[in-house]
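Spelled out, the chains give:
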Protein chains: 2
Amino acid sequence: MPETLPNDSVGLVTPQVMAFTEPLTLACGTTLERHELVYETYGELNADKSNAVLICHALSGDHHAAGFHSMDDRKPGWWDNYIGPGKAIDTNRFFVVCPNNLGGCSGSTGPRSTKPDTGKPWGPDFPMLRVRDWVESQARLADALGINCWAAVVGGSLGGMQVMRWALEHPERLRHAVVIASAMKLSAQNIAFNETARQAIMSDPNFEGGRYLEKGTLPKSGLAVARMIGHITYLSDYAMGQKFGRELRSGSFLRGQYDPVEFQVESYLRYQGDNFANNFDANSYILITRALDYFDLAREYDHDPVEAFRHARCRFYVVSFSSDWRFAPNRSREIVDALLGAQQPVTYTAIDSPYGHDAFLLPSDRYREAFTRYMAGVAREVNA
Amino acid sequence: MPETLPNDSVGLVTPQVMAFTEPLTLACGTTLERHELVYETYGELNADKSNAVLICHALSGDHHAAGFHSMDDRKPGWWDNYIGPGKAIDTNRFFVVCPNNLGGCSGSTGPRSTKPDTGKPWGPDFPMLRVRDWVESQARLADALGINCWAAVVGGSLGGMQVMRWALEHPERLRHAVVIASAMKLSAQNIAFNETARQAIMSDPNFEGGRYLEKGTLPKSGLAVARMIGHITYLSDYAMGQKFGRELRSGSFLRGQYDPVEFQVESYLRYQGDNFANNFDANSYILITRALDYFDLAREYDHDPVEAFRHARCRFYVVSFSSDWRFAPNRSREIVDALLGAQQPVTYTAIDSPYGHDAFLLPSDRYREAFTRYMAGVAREVNA
């Protein structure tokens, strides 16, 4: 609990809700008659509305990207390291918008919301989503906020996929696409981890075919295992070794206990899993990992990413992290190669980091400097 | 089903059982009054009993390393690629012994066996095991077979850990230690994957605190998820991509299904998981992964692997595979470095392979040539 907020924090923030009453037809063919998005904004929108930056969140992210909800918060928003006054995404310069994605579980319409025709939670009946559905709903949010063109659309991991889709679907509505620790599509290994996580959730008897809210249960153990699997893939082997090593909690082996939690890494993972299971919605997790699996930037462009990127009209900034094995640097280089092939302007920074995929969230001098420099260039194009 | 057996097969083999009535005190302090090991042998023991090779199996392996149990078998033993007449472990030269480890579930005394004082299955009461317990029980099997000194002790992965422990605990009882795709201890990431797998098993309500056999249930879904997690770590990202890519089973996306199994890799993993869950024992899985986690070759040598290896008296052969990320090549180089530091004779082969950890089981020209050449040297020291 901070007694005073840090000087470089956006400070106390309050989520807002935007209700959309115009029907939204999704990629799967289903139409949502109405939906809501919860979002946060930081900084001030300038007179010609040219300084707006959209933040797209990743699998377990939400609209709370920076600042604090109350003085009692133990931690700030998930990207507070890089959003704030004087930070890479400088809220003295930019008006930052971060929505919780449709289908999420932090306030936007999703599986936990009430299905209008039944009065019960959507649960497993919530329509399957594609990354393009998020982009469309974000575009409607931009309309509602009067933002015709984003100074930049920015995201890491799954967020980066949304950024790339933005560049192809609404090429005139963003000037810069910032794609961090991302990929144009998942590998079979990525899909395999997601599928294993879904199996863990769906085989939990408390999952109840996805109708756990109606039944008054929660598939906590399945969701905890899913999170543990995910968490391992966000960290590098090195980072886990540095953080936990093979340290024993008791200092020595516990003999004869059937379920000893002896290694520090075990108790850390169990804590992470339990904590996540108490907060995240299982149907949202399934929905979002499926959107990840299905994402394939160039599928409709005859599987040619060069052809896909020919449709873009913005500048690109791509960042990768050396020890990221979920979306390895080579996946970013594929993006850069395709952009160069399509003769698009692109800047690429390969950050040397031992912290795996999570590095895109963590403090790092080199990353901060490079990211800040790029965003300062974006800011210079904007009227004060 | 082979109509005829391949020429380079050991052919039809029959498991044997050895009963040990002398009490065996385990590292955890518990004493097993009696126990049994099931094992297979291939080839003929020579007159001076100098041509015996011990095979140590890995996590999901067993005593059936080569050949067929019947003409109806769809597949031979798990290391048939490398054990047989004219193969790397040449059964024309060697007498090969492969036991199912204590605590396993393929016939040797383990959690599925009857606990003498209760008449019920041991289940979760089976004592926790260490790698050294396997080595001790294998040494007793050697005694029973009249084998004073192995020509070689050979193993991959967890099997390689047993080989290294053999070299330190019974330095005079082996002439060669062959350590393939192994490590001197697990990394925090390795432990994290094992812990996640155990959580998946233990949180399955059918696990019943490990007493599923008494309750007439089986924790199949938990065990399936555990296997899926393990399986991903045995394959490389590349190998999964080559095998499955992002191929869709239906050829196109299935809309509106809540639980579509669309990607080939999903159906493959589910099949692997279900198949394993029908055959393997959950308590054995927990027991064996804990032995893996606890293994730390140099712990009792003041955490100095050079000091540890000073106790060895055999020659070492170490093999690693370039794309193995479970026990990466660097883990093998650590073994080689420590052996060199201890002035022990060691030969190291770094195989360039795209197939991940599983490469130690798979056919590969380069691996076969190198492994065969080393073992031919071992055979030359043996009296015909």
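Remember, predicted model here, so these are calculated numbers, not experimental data. Every chain is numbered on its own, with residues counted from 1 as its sequence reads. Chains carry letters from A onward and ligands carry numbers from 1 onward, assigned in written order. The predicted origin of the model limits local features to residues at a pLDDT of at least 70 and limits the giving and counting of side-chain atom pairs to 80 or more, whereas totals for whole chains, interfaces and linings rest on all residues.

S.K.: Describe the interface of chain A and chain B, with residues and values.
M.R.: Taken together, the contacts link 42 residues of chain A with 42 residues of chain B. In this description a helix means any DSSP run of H or I spanning at least four residues, a strand means any run of E spanning at least two, and both kinds are numbered starting from the N terminus. For the side of chain A that touches chain B, the secondary structure elements donating two or more residues are helix H3 (188-202), helix H5 (220-234), helix H6 (237-244), helix H7 (264-279) and helix H8 (282-294) of chain A. The leading source of residues in the side of chain A that touches chain B is H3(A), at ten residues. In this count, Pro and Cys sit with the nonpolar residues alongside Ala, Val, Leu, Ile, Met, Phe, Trp and Tyr, while Asp, Glu, Lys and Arg are called charged and the others, Gly among them, polar. For the side of chain A that touches chain B, a count of residues per class yields 22 nonpolar, eleven polar and nine charged. In this description, any two residues whose backbone-derived C-beta atoms lie within 7 Å of each other are considered to be in contact.

S.K.: Give a description of helix H2 (residues 158-169) of chain B that names residues and reports values.
M.R.: In an α-helix, one full turn covers 3.6 residues, which means residues spaced three or four apart are oriented alike. All names here are of chain B. The span expected for a helix works out to 1.5 Å for each residue beyond the first. Here H2 spans 17 Å end to end across twelve residues, near enough to the 16 Å set by a 1.5 Å rise per residue. Along H2, eleven of the twelve residues are buried, which leaves the element largely enclosed by surrounding structure. Buried means a residue has 20 or more other C-beta atoms within 10 Å of its own C-beta, exposed means 12 or fewer, and partly exposed covers the counts in between; C-beta atoms are placed from the backbone. Where H2 is concerned, the buried positions are Leu158, Gly159, Gly160, Met161, Gln162, Val163, Met164, Arg165, Trp166, Ala167 and Leu168.

S.K.: A description of the relation of the copies chain A and chain B should follow, citing residues and the corresponding values.
M.R.: Rotating chain A by 180° and moving it 0.0 Å along the rotation axis overlays it on chain B with an RMSD of 0.0 Å. The superposition operator between the copies reduces to a two-fold rotation axis. When the interface residues of chain A are mapped onto chain B, 100% of them again fall at the interface, so both copies present the same face. Alignment of copies: least-squares fit on C-alpha atoms of residues with pLDDT of at least 70 in both copies.

S.K.: Account for the sheet that holds strand E11 (residues 315-321) of chain B, with residues named and values stated.
M.R.: All names here are of chain B. At least two DSSP bridges between two strands are required for those strands to pair. Strand order in this open sheet of eight strands is E1-E4-E8-E5-E9-E10-E11-E12, and the pairing throughout is mixed. Edge positions in the open sheet fall to strand E1 (16-20) and strand E12 (346-351), since each of these has one partner strand only. When the angles between neighbouring strand axes are averaged without regard to direction, this sheet yields 20°. With five bridges connecting them, E1 and strand E4 (residues 35-42) associate as antiparallel partners. Bridge assignment links alanine 19 to a residue of E4, and that residue is glutamate 36. Orientation is described by lines fitted to C-alpha atoms, with helices fitted over the stretch in contact, and by angles between N-to-C directions that extend from 0 to 180 degrees. On top of the sheet, helix H10 (residues 329-341) reaches strand E10 (176-180), E11 and E12; it is set at about 160° to E11, its chief contact.

S.K.: So what's going on with the packing of H6(A) against helix H3 (residues 188-202) of chain B? Residues and values would help.
M.R.: At a closest axis distance of 7 Å, the pairing of H6(A) and H3(B) adopts a crossing angle of 90°. Relative to H3(B), H6(A) is oriented roughly perpendicular. Counted together, A:Asp237, A:Met240, A:Gly241 and A:Phe244 of H6(A) and B:Ala188, B:Gln189 and B:Ala192 of H3(B) form the full contact between these two elements. For the contact of H6(A) with H3(B), the per-class residue count stands at four nonpolar, two polar and one charged. Any angle from 65 to 115 degrees is called roughly perpendicular, while one under 35 is roughly parallel, one over 145 is roughly antiparallel, and all others are oblique.

S.K.: Please set out unusual backbone geometry residue by residue, giving values where relevant.
M.R.: Positive phi, close to 55°, is recorded for A:Lys49, a residue that is not glycine. Here B:Gln343, not a glycine, exhibits a phi torsion of approximately 55°, which is positive. Inspection of the secondary structure puts B:Gln343 in the loop between H10 and E12.

S.K.: How would you explain the pairing of strand E8 (residues 95-99) of chain B if you had to name every residue and give the values?
M.R.: Consecutive side chains along a regular strand alternate between the two faces of the sheet. Residue and element names in this part refer to chain B. By the criterion of burial, E8 is predominantly enclosed, with five of the five residues buried. Side chains Phe95, Val97 and Pro99 of E8 all project onto a buried face; the interleaved residues Val96 and Cys98 project onto the opposite face, where all are buried too. Pairing between E4 and E8: four bridges, direction antiparallel. The residue bridging tyrosine 42 from the neighbouring strand is valine 96, located in E8. By the bridge criterion, three bridges tie strand E5 (residues 52-56) to E8 in an arrangement that is parallel. Residue pairing for E8: valine 53 is matched across the bridge by valine 96.

S.K.: Outline the sheet that holds strand E12 (residues 346-351) of chain A, listing residues and values.
M.R.: Residues and elements named next belong to chain A. With mixed pairing, the eight strands of this open sheet are ordered in space as E1-E4-E8-E5-E9-E10-E11-E12. One side of each edge strand has no neighbouring strand; the edge strands of this open sheet are strand E1 (16-20) and E12. Here the strands of the sheet are splayed against their neighbours by 20° on average, with no regard to which way each runs. Across four bridges, strand E5 (residues 52-56) lies against strand E9 (residues 152-156) in parallel orientation. Note on E9: the bridge partner recorded for leucine 54 is valine 153.

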